[in-house]
Amino acid sequence: MNREVIRTGDFVSDAAKLILQEARAALAERGEFRIALSGGETPRAIYAEFGRLARDLPWEKVRFTFGDERCVPPADEQSNYRMARESLFEPSAVPERSILRMRGEIDPQLAAQEYEDELNLLATQHGETIYRHDLMLLGMGEDGHTASLFPGTLALDEQVRRVVSNFVPKLKSWRLTMTLPLLDQSRHVLFLISGAKNRELLERVLAGDTAFPAAHVAPANGQLTWMIGASA
Ligand code: 6PG
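Residues numbered from 1 in each chain as written. Predicted model: local features only at pLDDT ≥ 70, side-chain atom pairs only at ≥ 80, totals over all residues. Heavy atoms only, no water.

K.L.:
Any chance you could explain the sheet that holds strand 9 (residues 223-229) here in plain terms?
P.N.:
Think of a sheet as strands paired side by side through backbone hydrogen bonds, with each pair either parallel or antiparallel. Spatially, 1-9-8-5-2-3 is the arrangement adopted by the six strands of the open sheet, whose pairing is parallel. Strands with a single pairing partner mark the edges of an open sheet, and in this sheet they are strand 1 (2-8) and strand 3 (62-66). Between one strand and the next, the sheet's axes are offset by a mean angle of 15°, whatever the strand orientation. Here three bridges tie strand 5 (residues 135-138) to strand 8 (residues 188-193), and the two strands are oriented parallel to one another. Looking at strand 8, one finds that Met-136 is bridged to Val-189. Sheet contacts for helix 1 (residues 11-30): strand 1, strand 2 (33-37), strand 5, strand 8 and strand 9; angle to strand 9, the most-contacted strand, approximately 155°. (Pairing = 2+ DSSP bridges. Helix = DSSP H or I, 4+ residues; strand = E, 2+ residues; numbered from the N terminus. Axes fitted to C-alpha atoms, helices over the stretch in contact; angles between N-to-C directions. Contact = heavy atoms within 4.5 Å.)

K.L.:
Sorry if this is basic, but what is going on with the site of the ligand here?
P.N.:
For the ligand, the set of nearby residues contains 15 residues, the closest of which are Glu-41, Thr-42, Asp-68, Ala-147 and Lys-197. With respect to the ligand, the side chain of Asp-68 contributes an N or O atom lying 2.6 Å from an oxygen atom. Arg-70 has a polar side-chain atom sitting 2.7 Å from an oxygen atom of the ligand. A total of 410 Å² of accessible area belongs to the ligand in isolation, and the protein chains cover 88% of it. Counting atoms within 2 Å of the grid points, the majority share of the ligand lands in the largest pocket. Classifying every residue of the shell around the ligand gives two nonpolar, eight polar and five charged. (Near = heavy atom within 4 Å. Polar contact = N/O pair within 3.5 Å; in protein donor to acceptor, adjacent residues only side chain to side chain. Areas by Shrake-Rupley, 256 points an atom, 1.4 Å probe, with all protein chains shown as cover. 1 Å grid on protein atoms, 1.4 Å probe; cavity = no way out; pocket = protein on both sides within 12 Å on 5 of 7 lines; lining within 4 Å. Sits in = over half its atoms within 2 Å of the grid points. Nonpolar A, V, L, I, M, F, W, Y, C, P; charged D, E, K, R; others polar.)

K.L.:
Would you mind going over the nonpolar core with me for this structure?
P.N.:
The nonpolar side chains of a soluble globular protein tend to be buried with one another. Among the nonpolar cores identified, the biggest contains 72 residues, and Phe-89, Met-178 and Trp-226 are the most heavily contacted of them. Sorting elements by how many residues they give to this core places helix 1 first, with nine residues. (Core = buried A, V, L, I, M, F, W, Y, C linked by side-chain atoms within 4.5 Å. Buried < 20%, exposed > 50% of the residue type's maximum accessible area, 1.4 Å probe, protein only.)

K.L.:
Just checking my understanding: could you explain the pattern of salt bridges for this structure?
P.N.:
Opposite charge on two side chains makes pairing possible when the charged atoms of those side chains draw close. Applying the stated rule across the entire model yields 19 salt bridges. Where Asp-56 meets Arg-24, a salt bridge forms, and the shortest distance between an N and an O atom there is 3.3 Å. Of this pair, Asp-56 sits in the loop between helix 2 (43-53) and strand 3 while Arg-24 sits in helix 1, and the two are 32 residues apart along the sequence. The residue Asp-134 makes a salt bridge to Arg-30 at a minimum N-O spacing of 2.7 Å. Separated by 104 residues along the polypeptide, Asp-134 in the loop between helix 4 (108-125) and strand 5 and Arg-30 in helix 1 bring together distant segments of the chain. Asp-134 gets classed as buried once you look at its relative accessible area, which sits at 5%. (Salt bridge = Lys/Arg side-chain N within 4 Å of Asp/Glu carboxyl O.)

K.L.:
Looking at this structure, I do not really get helix 1. What am I missing?
P.N.:
The α-helix winds at 3.6 residues per turn, so residues separated by three or four positions along the chain end up facing the same way. Its 20 residues place the ends of helix 1 28 Å apart at the C-alpha level, agreeing with the 28 Å of an ideal helix rising 1.5 Å per residue. Downstream of helix 1 by a residue or two, Gly-31 has a phi angle that is positive, lying close to 75°. (Expected span 1.5 Å × (residues − 1).)

K.L.:
Sorry if this is basic, but what is going on with the packing of helix 1 against helix 2 here?
P.N.:
Angle between the axes and distance between the axes: these two values describe a pair of packed helices. The N-to-C vectors of helix 1 and helix 2 enclose an angle of 55°; their axes lie 8 Å apart at closest approach. Looking at the two axes, helix 1 sits oblique to helix 2. By crossing handedness, the relation of helix 1 to helix 2 is classed as right-handed. Contact residues: Phe-11, Val-12, Ser-13, Ala-15, Ala-16, Lys-17, Ile-19, Leu-20 and Arg-24 in helix 1; Ala-45, Ile-46, Glu-49, Phe-50 and Leu-53 in helix 2. (Parallel < 35°, antiparallel > 145°, perpendicular 65-115°, else oblique. Left-handed = near helix turned anticlockwise from the far one by under 90°.)

K.L.:
Would you mind showing me how to read the sheet that holds strand 6 (residues 163-168) here?
P.N.:
As summarised here, the arrangement of the three strands in space is 4-7-6, forming an open sheet in which the pairing is antiparallel. On the outer flanks of this sheet lie strand 4 (68-70) and strand 6, each paired with one strand and no other. The average angle at which neighbouring strand axes cross in this sheet is 25°, direction not considered. Direction of pairing for strand 4 relative to strand 7 (residues 173-178): antiparallel, over a ladder of three bridges. Residue pairing across strands places Arg-70 opposite Arg-175, the latter belonging to strand 7. Those strands touched by helix 4 are strand 6 and strand 7, and its axis lies near 150° from that of strand 6.

Structural measurements only, silent on function.
Structure, rendered in structure tokens:
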């Protein structure tokens, strides 16, 4: 694993440019670009900027997946899909067939199994044993969670399943999430950390403190990049 930490005063612009750079490289090398989107609020402006920069991208050759999703309908304001639809899919006219949405509106266990089956089928169709993302976007919560791998929750320890449902006691709610085996299969993992994030937490995670789930992400045969916005 190769790790890079980038600190930037142009966080949104630099993040969008890096995503576009990865897209062009993947399309040139393999004729497709497999990107997993992270949720929350940090990525919203980045997705919008990426869409503005990527006007000429062949969206039909891009496959958008989601690292995690809240167990809510797609129109719910909590939905990560809705955030991506508003900031990127609609403004850039991304075709529905390029988007693999986690169905947060159905039973969590069924939704997780359905998503895992879809990814496994795509992997098999490409002669892969496990689906390999070109770019996995991740964020980090104030408790060090990433995707929906929260401290002390079962999904964090999952080493076999690729996508699971995960009950989060502190939120009193279910989530859908990719697991570490799938995250770590990525060619490139890009953490997007805004300047508003807790600096002490960030330094502890960068130092490898595995009390925090974000510190567990380690793409053995890939690149790990932390892009950090200048402190607010
Ligand atoms: C989610 C995200 C989650 C997010 C962090 C950081 O569904 O909430 O996938 O892992 O990346 O909570 O969120 P912010 O970037 O909005 O602080």
